[in-house]
Amino acid sequence: MEEKALEVYDVIRTIRDPEKPNTLEELDVVTEKCVEVQELGEDEYLVIIKFSPTVPHCSLATLIGLCLKVKLERCLPFKHKLEIYISEGTHSTEEDINKQINDKERVAAAMENPNLRDIVEQCVTESDD
């Protein structure tokens, strides 16, 4: 499972922060330890991400979760179920945000918003440098 976890981490570490020019890895929003992979069945895995916003009142935590979800759904080469959470105790409204990030209908609605979609695309697109 450790190999799968590293594969997942490799996908998310280059996502850019919506406000800063840094990646989520550079800001310690995601680390190798924040990724857990469990086997669900033959060639199917549960991927759990627990990320830590830079500040407890981060207004972009939901957007960061959305970026994680979008990039993983697009890039993971294996069958998976995805759960994304804010690390316990790292955000003032973590329960609400955890519900939003893991609600398929809310995620789909968010991605229909052209402004949000553009921001997500900028964050998840690999830079050429």
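Here we summarise the structure given alongside this text.

The rules behind the values
- Residues numbered from 1 in each chain as written.
- Predicted model: local features only at pLDDT ≥ 70, side-chain atom pairs only at ≥ 80, totals over all residues.
- Heavy atoms only, no water.
- Axes fitted to C-alpha atoms, helices over the stretch in contact; angles between N-to-C directions.
- Helix = DSSP H or I, 4+ residues; strand = E, 2+ residues; numbered from the N terminus.
- Parallel < 35°, antiparallel > 145°, perpendicular 65-115°, else oblique.
- Contact = heavy atoms within 4.5 Å.
- Nonpolar A, V, L, I, M, F, W, Y, C, P; charged D, E, K, R; others polar.
- Buried < 20%, exposed > 50% of the residue type's maximum accessible area, 1.4 Å probe, protein only.
- Polar contact = N/O pair within 3.5 Å; in protein donor to acceptor, adjacent residues only side chain to side chain.
- Arc of directions from axis to C-beta.
- Pairing = 2+ DSSP bridges.

### What to know about the packing of helix α2 (residues 61–75) against helix α4 (residues 104–112)
- Across the interface, α2 lies against α4 with an axial gap of 11 Å and an inter-helix angle of 95 degrees. With respect to each other, α2 and α4 are oriented roughly perpendicular. Contacts between α2 and α4 involve Leu66, Lys69 and Val70 from the former and Val107, Ala110 and Met111 from the latter.
- Residues belonging to the contact of α2 with α4 are distributed by class as follows: 5 nonpolar, no polar and 1 charged.

### Re the environment of serine 52
- Inspection of the secondary structure puts serine 52 in the loop between β2 (44–51) and α2.
- Of the residues examined, serine 52 reaches a relative accessible area of 22% and is grouped as partly exposed.
- Along the primary structure serine 52 and glycine 89 are separated by 37 residues, whereas in three dimensions their C-alpha atoms are 9.0 Å apart.
- The contacts of serine 52, once residues within four sequence positions are left out, are Asp28, Val29, Ser87 and Thr90.
- A polar atom in the side chain of serine 52 sits 3.1 Å from the side chain of serine 87.

### Details of α4
- Considered for burial, the residues of α4 that qualify are Val107, Ala110 and Met111. Projected onto a plane normal to the axis of α4, the buried residues spread over an arc of 95 degrees and lie on a single side. Counted as exposed and oriented over 90 degrees from the buried face of α4: Glu105 and Glu112.
- The distance from a side-chain oxygen at the start of α4 to the backbone nitrogen of glutamate 105 is 3.0 Å, and the residue carrying that oxygen is aspartate 103.

### Here we look at the pairing of β2
- Where burial is concerned, most of β2 is hidden: 6 out of the 8 residues are buried.
- Across 6 bridges, the pairing between strand β1 (residues 35–41) and β2 is antiparallel. Within β2, the position partnered with valine 35 by the bridge is isoleucine 49.
- Hairpin geometry of β1 and β2 is characterised by an intervening segment of 2 residues between the two adjacent antiparallel strands and by a positive phi of about 60 degrees at aspartate 43.
- Here β2 pairs with strand β3 (residues 79–86) via 8 bridges, running parallel. By the bridge assignment for β3, phenylalanine 51 is matched with isoleucine 86.

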